[in-house]
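Survey of secondary and tertiary structure
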Amino acid sequence: MQHFSNHIDILIEQFAKLPGIGRKTAQRLAFHVINLSQEEVQELADAVVNAKENIMYCQQCCNIADSSLCSICGNPSRDSAIICVVEDPRDVAALERSREYRGKYHVLHGTISPMDSITPDMLKIKELIKRLADTELQEVILATNPTIDGEATAMYIARLIKPFGIKVTRIAHGLPVGGDIEYADDVTISKALEGRREL
Ligand SMILES: [Zn+2]
């Protein structure tokens, strides 16, 4: 049912497709956008298109990057002996905020999820296994979220790493079960890292 102009309805429709945006918020955003100046609207549109066109994935850790190597992998002061495996680039951001961790990362871009038909080959697991050949590497920390899928993914990866003779650890359960690393506070993240146990 059309309530406004067709153009606005299309804009509302697009906002409503975004995660966490309900109908009312989509409407509010659409009206906010049409009240912006032409220049501001262009800036917003450019930011969306540029982000999509120019984002790359680090060829080492698969994190989002501006070049073929992300700023963490490219930083010689980061400890190459430890890789912390996370689900999502936002988890890297959360762990970095806590300033506790000085090793490197590996971003899976999801978890194994039979419910959502997400199989191991759809994640960046092959890329992680390739990195195990690095002789400097001593420990892989599995920091997937404490959800059913996150635990299953950690167990799956731990089994793959074992034959390489590299220490595999799982972050402690300081994080609330079902809670996301992304939303955890710095102290909780530090404690979860500190209390990690060997698998
Ligand atoms: Zn990287």
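Refer to the structure above for everything that follows.
This text gives an overview of the structure that appears in the document. (Residues numbered from 1 in each chain as written. Predicted model: local features only at pLDDT ≥ 70, side-chain atom pairs only at ≥ 80, totals over all residues. Heavy atoms only, no water.)

1. Examining the pattern of salt bridges
Let me state the cut-off plainly: Salt bridge, as applied in this entry: a Lys or Arg side-chain nitrogen positioned within 4 Å of an Asp or Glu carboxyl oxygen. Numbered from the N terminus, helices here are DSSP runs of H or I no shorter than four residues, and strands are runs of E no shorter than two. Whether a residue is buried, partly exposed or exposed follows from its accessible area with a 1.4 Å probe, protein chains only, as a fraction of its type maximum: under 20%, in between, or over 50%, in that order.
Throughout the structure, instances matching the rule amount to five salt bridges. Across the pair Glu 96 and Arg 78 runs a salt bridge whose closest N-O atoms are separated by 2.8 Å. In this pair, Glu 96 sits in helix H4 (residues 89–98) while Arg 78 sits in the loop between strand S2 (64–65) and strand S3 (79–86), placing the two residues 18 residues apart along the sequence. Assessed through its relative accessible area of 25%, Glu 96 is described here as partly exposed. The exposure class of Arg 78 is buried, given its relative accessible area of 6%. Here Arg 170 ties to Glu 151 by a salt bridge, and the two come within 3.2 Å at their closest N and O atoms. Taken together, the residues span a long stretch of sequence, with Arg 170 in strand S6 (residues 167–170) and Glu 151 in helix H6 (residues 148–161) at a distance of 19 residues.

2. Description of the pairing of strand S5 (residues 139–142)
The criterion, for reference: By definition, two strands form a pair when at least two bridges between them are found by DSSP. If you view a crossover with the strands going away from you and the path from the first strand over the helix to the second runs clockwise, you call it right-handed.
Burial along S5 is two-sided: Glu 139 and Ile 141 and Val 140 and Leu 142, pointing in opposite directions, are all buried. Note that S3 and S5 share four bridges and pair parallel. Bridge pairing in S5 places Ile 83 opposite Val 140. Here four bridges tie S5 to S6, and the two strands are oriented parallel to one another. Directly across from Ile 141, in S6, lies its bridge partner Thr 169. With H6 bridging S5 and the parallel S6, this β-α-β connection has right-handed handedness.

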